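# A structural walkthrough
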Amino acid sequence: MKIPLSTKRIILKKFNKDDVDLLFQLDGDPRVMKFITLGIPRTFEDIKNISLPKILNSYKNGQEFGLFAAYVKKTDEFIGWFQFEQDKDIDNAIEIGWRLKRDCWGNGYATEVAIALVEDGLKMNKMIVAKAMSENKASIRVMEKAGLNFAEEFWGDYEPHSGNPDVRYELKQRKLKRGYFLWDGR
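Right, let's walk through the structure included here. (Residues numbered from 1 in each chain as written. Predicted model: local features only at pLDDT ≥ 70, side-chain atom pairs only at ≥ 80, totals over all residues. Heavy atoms only, no water.)

Attention now goes to the pairing of strand E2 (residues 10–14). One ladder, built from 2 bridges, connects strand E1 (residues 5–6) with E2; its direction is antiparallel. Counted as the bridge partner of Leu5 is Leu12 from E2. Hairpin connection between E1 and E2: a loop of 3 residues separates the two successive antiparallel strands. Of the pairings in the sheet, the one linking E2 to strand E3 (residues 66–72) comprises 5 bridges and is antiparallel in character. Looking across to E3, one finds that Ile11 is bridged to Tyr71. (Pairing = 2+ DSSP bridges. Helix = DSSP H or I, 4+ residues; strand = E, 2+ residues; numbered from the N terminus.)

Once that is clear, we can look at the side chain of Lys101. Tracing the backbone through its elements, the reader meets Lys101 in the loop between strand E5 (93–100) and helix H3 (109–123). Beyond its immediate chain neighbours, meaning those up to four positions away, Lys101 contacts Gln25, Leu26, Val32, Glu77, Phe78 and Ile79. (Contact = heavy atoms within 4.5 Å.)

Further remarks concern the packing of helix H1 (residues 20–27) against helix H2 (residues 44–57). The geometry of H1 relative to H2 is characterised by a closest axis approach of 10 Å and an angle of 110 degrees between their N-to-C directions. One element, H1, and the other, H2, form an angle in the roughly perpendicular class. Residues Val20, Asp21, Leu23, Phe24 and Asp27 of H1 form the contact with H2, whose participating residues are Phe44, Ile47, Lys48, Ser51, Leu52 and Ile55. Here the residues of the contact of H1 with H2 are counted per class, giving 7 nonpolar, 1 polar and 3 charged. (Axes fitted to C-alpha atoms, helices over the stretch in contact; angles between N-to-C directions. Parallel < 35°, antiparallel > 145°, perpendicular 65-115°, else oblique. Nonpolar A, V, L, I, M, F, W, Y, C, P; charged D, E, K, R; others polar.)

Further remarks concern the pattern of salt bridges. Within the structure shown, the criterion is met by 13 salt bridges. Close ionic contact of Asp18 with Lys17 constitutes a salt bridge, the shortest N to O distance being 3.7 Å. Pair check on accessibility: Asp18 and Lys17 agree, each one exposed. Between Lys131 and Asp89 there is a salt bridge; the shortest N-O distance is 3.6 Å. (Salt bridge = Lys/Arg side-chain N within 4 Å of Asp/Glu carboxyl O. Buried < 20%, exposed > 50% of the residue type's maximum accessible area, 1.4 Å probe, protein only.)

In this structure, Leu12, Phe15, Ile96, Trp98 and Leu148 are the most contacted members of the largest nonpolar core, which totals 50 residues. Per-element accounting of this core gives the leading share, 8 residues, to H3. Leaving out residues up to four positions away in the same chain, Ile96 has contacts with Gln83, Phe84, Ala114, Leu117, Val118, Ile128, Val129 and Ala130. (Core = buried A, V, L, I, M, F, W, Y, C linked by side-chain atoms within 4.5 Å.)

Taken in spatial order, the 8 strands line up as E1-E2-E3-E4-E5-E6-E8-E7 in an open sheet, and their pairing is mixed. Strand pairing shows two members of the sheet lacking a second neighbour, E1 and strand E7 (149–154), which therefore form its edges. The strands touched by H3 are E1, E2, E3, strand E4 (78–86), E5, strand E6 (127–133) and strand E8 (166–171); relative to E4, the strand with the most contacts, the crossing angle is about 25 degrees. The strands touched by helix H4 (residues 137–145) within the sheet are E5, E6 and E8, with E6 carrying the most contacts at an inclination of about 165 degrees.

Quick look at H1 now. All of the buried residues in H1 are Val20, Leu22, Leu23, Leu26 and Asp27. Down the axis of H1, the smallest arc covering the buried residues is 160 degrees, so these residues share one side. For H1, the elements touching its buried residues are H2, E3, E4 and E5. (Arc of directions from axis to C-beta.)

Turning to the environment of Gly108, a few remarks are in order. Positionally, Gly108 belongs in the loop between E5 and H3. Classification of Gly108 by relative accessible area gives partly exposed; the value is 37%. Sequence separation between Gly108 and Val142 is 34 residues, and the spatial gap between their C-alpha atoms is 8.7 Å.

Take a look at the structure:
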């Protein structure tokens, strides 16, 4: 993947050390955090001292990997972030993910960028995975629209936990008409 990644409406860029306010717009919203921390917003200090350093560290595995700030091309409005990282549990797999500001939900941004991330991961001959709380129906729909298929329920090792299993969706390889391979979860 080449950064900045650009889709029809969105551009992804690396975060920098001055982006604490952007992340606070996102992680400080209880509704955004509903399926991450069960609605407990992150404090400005936690974002500054924990979240942002973790994001900046995500670029250490190469410029194509990490958590990337997402902006609307027309307005340069920050809308959230997208993940494109080597999966920590599955060899030869890329984990994709997203977190969007509440006022950006329902615009198709997550699906648009998820499809682009899937295509980039496939060009790298990687399996694509995405994970969510089983209650997060909107993210599961994005996974399905991006071509991923249900793989398994599992118990995440983080707190707080909803009491229900999480889900993992994936894409395994199959041949496409365009000449490169697509992953198919079956």
